[in-house]
Amino acid sequence: MSMESAKPAYRGALPKPTPETQPFWDAAKAHTLVLPWCRDCGRPHFYPRSLCPHCLSRSLEWRQASGKGTLYSYVINHKPAKGFDTVPYAIGVVALAEGPRMLSNIVTAGEPTPDNLRIDMNLDVFFDDVTDTISLPKFRPVAS
Amino acid sequence: MTGALSRTAAIVGAAETDRIGRLPDMSRMALHAEAARNALEDAGLSIRDVDGVFSCVAGPNELSEYLGIVPRYIDGTGVGGCSYIIFLRHAVAAIAAGYCDVALIVHGESGRSWIDMEAPGTPASPAGQFEAPFGTAGAATTYSLPVLRYFHEYGATKRQMSHVPASTREWALLNPRAIMHDGGHITPQDVEASPIICYPFNRLDCCLVADGGGALVVTSAERARDMRRKPIHVLGTGEGAAHRQVAMMRDFTTSDATIVSGRAAFAEAGLSPSDIDHLMLYDAFSFTPMLFLEDLGFVPKGEAGPFLADTRKAADGNLIYPTGPGGVLPMNTNGGGLSYCHTGRYGMFALLEAVAQLRGDAGARQVANLTTSLVHGPGRQFAAAGTAILSND
């Protein structure tokens with residue numbers, strides 16, 4: 001008999017990767033944040049597309065991102081989505097150091113409030129292993 | 001200077017479903033059908049006269065089948081609440097091109113009872129992969145995202161924003177069909193004291209959730225001269241599309257889609273904001289009209305907050321809001337999505353109120369000496385936009 005306690009099944013919405021996003025989710029599973037970069041115009045983009053949204057080049061490569069960003073804007077949600085058991089929780093738009101913006105969760109030490117969430121504050125990525133196959137990139141404030 | 005299609009078409013029929021609100025006895029299709037029937041009756045036309053069908057909560061083929069017709073022009077542009085304003089623009093173009101003579105634009109949505117409604121998006125869509133896993137839960141969690149950035153950039157405040165629902169409620173109190181007709185006055189402080197939904201939005205910052213529908217009949221200006229109702233002329237229209245997911249909005253303090261759409265409408269009409277007597281600025285949430293007042297040029301950038309909060313006291317002690325009854329810029333005079341009705345894709349109701357006001361049919365809420373009305377709405381969270389400038393003259 002296994003001594004491991006069964007982890008309750010995750011009930012939140014899960015992404016279903018598509019061919020152009022599979023490498024992003026594979027990297028996230030390995031706790032690495034990657035972005036598609038255009039070999040022609042030299043710019044990264046997010047969310048991952050099959051071609052560069054800046055110049056429509058199909059010559060893309062995946063590069064590791066710094067995992068650093070700033071808080072472009074946020075909300076604190078009190079009416080949770082399915083599977084979000086800790087209320088309230090913060091949804092933020094992160095301006096990644098590389099340029100693109102990404103929607104994610106901002107996870108603070110205590111309950112998220114307008115006092116501990118500041119526009120333009122520095123953030124670091126971390127990965128939340130919500131299932132055996134999906135890890136979600138989330139962000140937390142950089143300790144000051 | 002006006003555009004080539006200015007005043008080439010007119011609205012000759014306009015009506016809502018018999019009832020709006022909670023309608024568990026009506027399906028999505030039944031709401032469409034009743035709205036279409038009522039608008040055709042208003043126009044004095046038969047369903048057999050219709051040769052253009054514009055519809056998106058029901059596909060145009062689905063609706064044509066339901067109504068038993070074979071149109072020769074169809075449009076199913078479905079980009080959210082502004083789709084009906086965009087349909088009006090597309091109808092003007094189709095009529096000018098000779099692709100149809102009588103355009104029927106129909107909205108129906110079982111937004112509250114959810115009878116025969118489709119679930120949004122798939123887990124493989126971009127939003128399904130990059131929004132939903134982070135706990136977005138309906139429009140209140142995404143429409144709200146730009147707000148704090150906007151406040152940060154321009155020093156606007158939640159108190160200023162709270163004037164939008166308070167002002168809009170004043171109109172609903174004058175409209176017997178408004179869901180919040182008997183809801184009483186609300187102050188900006190009441191908005192902030194209502195239950196928190198998704199900071200910075202409280203419940204009274206958020207639109208109603210209802211069932212209902214509405215429809216418009218549009219035909220050429222020439223044919224409109226001999227119709228039952230006084231034509232409401234389409235002076236100018238615009239549309240735009242910028243993104244789908246709110247995180248992809250280029251600048252959270254301005255709607256690119258609104259700017260593109262508004263510019264086209266004003267240019268076609270040969271008018272500027274100072275020529276507009278009445279405004280319908282789609283209020284899915286308190287914040288949305290703030291951005292539109294600025295991006296359409298009614299107030300300078302960053303000044304919507306101070307403009308909205310510049311109230312004065314009436315003799316009875318109630319506040320007179322700049323956008324409320326007795327204010328300088330009457331806006332959302334049916335009571336808006338906040339206090340009249342909101343089914344999900346509210347743009348049709350905004351158009352219908354503009355028509356009611358321009359016809360002089362608005363009863364106790366009628367704005368005096370009205371010639372022009374501007375209707376503007378977003379599609380989803382500032383993702384798309386549509387604009388229509390209408391006139392009774």
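The shown structure was predicted, so the numbers you read here are calculated from the model rather than taken from an experiment.

Chemist: Explain the overall build of chain B here, please?
Modeler: A count of helices and strands for chain B gives 15 helices and 13 strands. Relative to its length of 393 residues, chain B is compact, with a C-alpha radius of gyration of 19 Å against a globular reference of 21 Å. Seen through its principal axes, chain B has C-alpha atoms that stretch 55 × 50 × 40 Å.

Chemist: Explain the nonpolar core here, please?
Modeler: One recurring pattern in soluble globular proteins: nonpolar side chains tend to sit buried together. In terms of nonpolar packing, the biggest core is built from 159 residues, with Leu88, Ala91, Leu104, Ile105 and Leu351 of chain B touching the most fellow members. Counting only domains with at least three residues in this core, you end up with domain 1 (18-65) and domain 2 (66-144) of chain A. Ignoring anything within four residues of it in the chain, the contact list for Ile105 of chain B reads Phe54, Tyr84, Phe87, Leu88, Ala91, Ala215, Leu216 and Val218 of chain B. By size, the runner-up hydrophobic cluster in this structure holds five residues, among which are Ile186, Val191, Leu204 and Tyr321 of chain B.

Chemist: Please clarify how the pairing of strand β4 (residues 89-96) of chain A should be interpreted in this entry.
Modeler: Successive residues of a regular strand alternate their side chains across the two faces of the sheet. All names here are of chain A. Of all eight residues that make up β4, seven are buried, and the element is covered over most of its length. Looking at chain direction, strand β3 (residues 68-77) and β4 are connected through eight bridges and run antiparallel. What sits directly across from Ser73, in β4, is Val93. Of the pairings in the sheet, the one linking β4 to strand β5 (residues 101-106) comprises six bridges and is antiparallel in character. Bridge assignment links Val94 to a residue of β5, and that residue is Met102. Counting the residues that bridge the hairpin from β4 to β5 gives four residues, and of these Gly99 lies at a positive phi of roughly 125 degrees.

Chemist: Explain the interface of chain A and chain B to me, please; I cannot follow it from the model alone.
Modeler: Where interface size is given, it is often the accessible area lost as the parts come together that is meant. Contact with chain A, which involves 30 residues of that partner, is made by 28 residues of chain B. Elements with a minimum of two residues in the side of chain A that touches chain B: β3, β4 and β5 of chain A. A per-element tally of the side of chain A that touches chain B places β3 of chain A first, with six residues. Residues belonging to the side of chain A that touches chain B are distributed by class as follows: 19 nonpolar, eight polar and three charged. Judged from the two bridges that link them, β3 of chain A and strand β5 (residues 196-199) of chain B form a sheet pairing that is antiparallel. Its bridge partner lying in β5 of chain B, Ile76 of chain A is registered against Tyr199 of chain B.

Chemist: What should I look at first to understand the environment of Arg72 of chain B in this one?
Modeler: Residues and elements named next belong to chain B. Structurally, Arg72 is set in the loop between α2 (60-67) and β3 (73-75). Among the residues examined, Arg72 registers 11 C-beta atoms within 10 Å and is labelled exposed. On a C-alpha basis, the gap between Arg72 and Val53 in space is 8.4 Å, while along the polypeptide they are 19 residues apart. Not counting residues within four places of it along the chain, the set of residues in contact with Arg72 comprises Asp51 and Cys100.

Chemist: Would you take a moment to explain the sheet that holds strand β8 (residues 232-241) of chain B for this structure?
Modeler: Adjacent strands of a sheet pair through backbone hydrogen bonds, lying either parallel or antiparallel. Residue and element names in this part refer to chain B. Pairing in this open sheet of nine strands is mixed, and the strands run β3-β2-β4-β7-β1-β8-β13-β12-β9 from one edge to the other. Both outer strands of the open sheet, β3 and β9 (278-281), are each paired with one neighbouring strand and no more. For this sheet the average axis-to-axis angle between neighbouring strands, irrespective of direction, equals 25 degrees. When β8 meets strand β13 (residues 384-391), the two strands line up antiparallel, connected through eight bridges. Bridge pairing links Val234 to Leu390 in β13. Those strands touched by helix α11 (residues 256-269) are β8, β12 (372-379) and β13, and its axis lies near 150 degrees from that of β8.

Chemist: Is there a simple way to think about the domain arrangement of chain A in this case?
Modeler: Residue and element names in this part refer to chain A. By domain assignment, chain A separates into domain 1 (18-65) and domain 2 (66-144). The gap between the C-alpha centroids of domain 1 and domain 2 is 21 Å. The element contributing the most residues to the side of domain 1 that touches domain 2 is helix α1 (residues 22-29), with three residues. For the side of domain 1 that touches domain 2, the residue count by class is seven nonpolar, two polar and one charged.

What counts and what doesn't
- Residues numbered from 1 in each chain as written.
- Chains lettered and ligands numbered in written order.
- Predicted model: local features only at pLDDT ≥ 70, side-chain atom pairs only at ≥ 80, totals over all residues.
- Helix = DSSP H or I, 4+ residues; strand = E, 2+ residues; numbered from the N terminus.
- Rg over C-alpha atoms; globule rule 2.2 N^0.38 Å.
- Core = buried A, V, L, I, M, F, W, Y, C linked by C-beta atoms within 7 Å.
- Buried ≥ 20, exposed ≤ 12 C-beta atoms within 10 Å, placed from the backbone.
- Domains from an automatic or database assignment.
- Contact = placed C-beta atoms within 7 Å.
- Pairing = 2+ DSSP bridges.
- Nonpolar A, V, L, I, M, F, W, Y, C, P; charged D, E, K, R; others polar.
- Axes fitted to C-alpha atoms, helices over the stretch in contact; angles between N-to-C directions.

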